[in-house]
Amino acid sequence: MTSGMSSSSSSSTQPSSPSFSNLTHLVASQTGLTDEGCHRFVSRFPFLQTLYIGSNHFVSDIGISYIVSSLRRLRHLDISNNRRITDTSIHLLVALRQLTSLDASNTKLLFLNSTVLNFANMYNLTTLRIQNLDTLSKFNLRTKIESILKMRRSAQSEAEILEASSSSSSSSS
């Protein structure tokens, strides 16, 4: 007995796999996602603006590097409860220029001085959650946040001075 479809007709009638390439929001928390999964998985969603990957205990700085290289439109990122994520990830996340919201609670951030500088360079970041970091006391956290705000104000002042000087030099020509 033979099948009702030949191999040539089955390829033309087979439904194509669904495409989610236009997906803008993805919740993949507590899914067992790994660094390798980040590499293979997130590149399929180039238009993601919101990504939740909290509580995936096998995601590390390597996974974050894949996310940063693939998802340049990302605005909201939750990496909370991933204890393999360190200050290295914050250095990488600076490249996400549109990032406005980051939850890095319960990670291995040490809040080194370089980390503070990286946060200060995330100019669009308006929401930062950093609860339950082993290394931060309330006093230390306040000092770090004040440093971030001071660096941002300084950078804004420098930008305003440069803008004013370029405006005055162009009007005098």
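Only a predicted model underlies this, so the values are computations on that prediction, with no experimental measurement involved.

J.: Break down the layout of surface pockets for me, citing the residues and quoting the values.
T.: Taken as a whole, the largest pocket encloses approximately 190 Å³ of empty space. If you trace the largest pocket, you find it lined by F119, L125, T126, T127, L128, I130, I145, I148, L149 and R152. Mapped by element, the contributors of at least two residues to the lining of the largest pocket are strand 5 (127-129) and helix 6 (138-172). Counting residues per element, the lining of the largest pocket draws most heavily on helix 6, which supplies four residues. Per-class residue counts for the lining of the largest pocket are seven nonpolar, two polar and one charged.

J.: I'd like a description of the packing of aromatic side chains, backed by residues and values.
T.: Evaluated as defined, the whole model comprises one aromatic pair. Between F41 and F45, the ring centres sit 5.1 Å apart and the planes meet at 75°, which makes this aromatic pair edge-to-face. F41 sits in the partly exposed class, given a relative accessible area of 28%.

J.: I'd like a rundown of the environment of A28, residues and numbers included.
T.: Here A28 is to be found in the loop between strand 1 (25-27) and helix 2 (35-41). Spatially, the C-alpha atom of A28 lies 7.4 Å from that of L51, the residues being 23 residues apart in sequence.

J.: Mind laying out the side chain of D103, listing which residues take part and the relevant values?
T.: Relative to the assigned elements, D103 resides in strand 4 (residues 101-103). Since its relative accessible area comes to 11%, D103 is described here as buried. Ignoring any residue separated from it by four or fewer positions in sequence, one finds D103 in contact with L77, D78, I79, S80 and R129.

J.: Give a description of the pattern of salt bridges that names residues and reports values.
T.: Taken as a whole and assessed by the stated rule, the structure comprises two salt bridges. Across the pair E36 and R40 runs a salt bridge whose closest N-O atoms are separated by 3.5 Å. Remark: R40 and E36 occur in helix 2; sequence separation between them is four residues, near one turn of the helix. Of the residues examined, R40 reaches a relative accessible area of 54% and is grouped as exposed. With a shortest N-O distance of 3.6 Å, R129 and D103 are connected by a salt bridge. You can see R129 sitting in strand 5 and its partner D103 sitting in strand 4, a full 26 residues away along the chain.

Thresholds, definitions, all that
- Residues numbered from 1 in each chain as written.
- Predicted model: local features only at pLDDT ≥ 70, side-chain atom pairs only at ≥ 80, totals over all residues.
- Heavy atoms only, no water.
- 1 Å grid on protein atoms, 1.4 Å probe; cavity = no way out; pocket = protein on both sides within 12 Å on 5 of 7 lines; lining within 4 Å.
- Points joined across faces, edges and corners; volume = space filled by probe spheres on them.
- Helix = DSSP H or I, 4+ residues; strand = E, 2+ residues; numbered from the N terminus.
- Nonpolar A, V, L, I, M, F, W, Y, C, P; charged D, E, K, R; others polar.
- Phe/Tyr/Trp six-rings, centres within 6.5 Å; stacked < 30°, edge-to-face > 60°.
- Buried < 20%, exposed > 50% of the residue type's maximum accessible area, 1.4 Å probe, protein only.
- Contact = heavy atoms within 4.5 Å.
- Salt bridge = Lys/Arg side-chain N within 4 Å of Asp/Glu carboxyl O.

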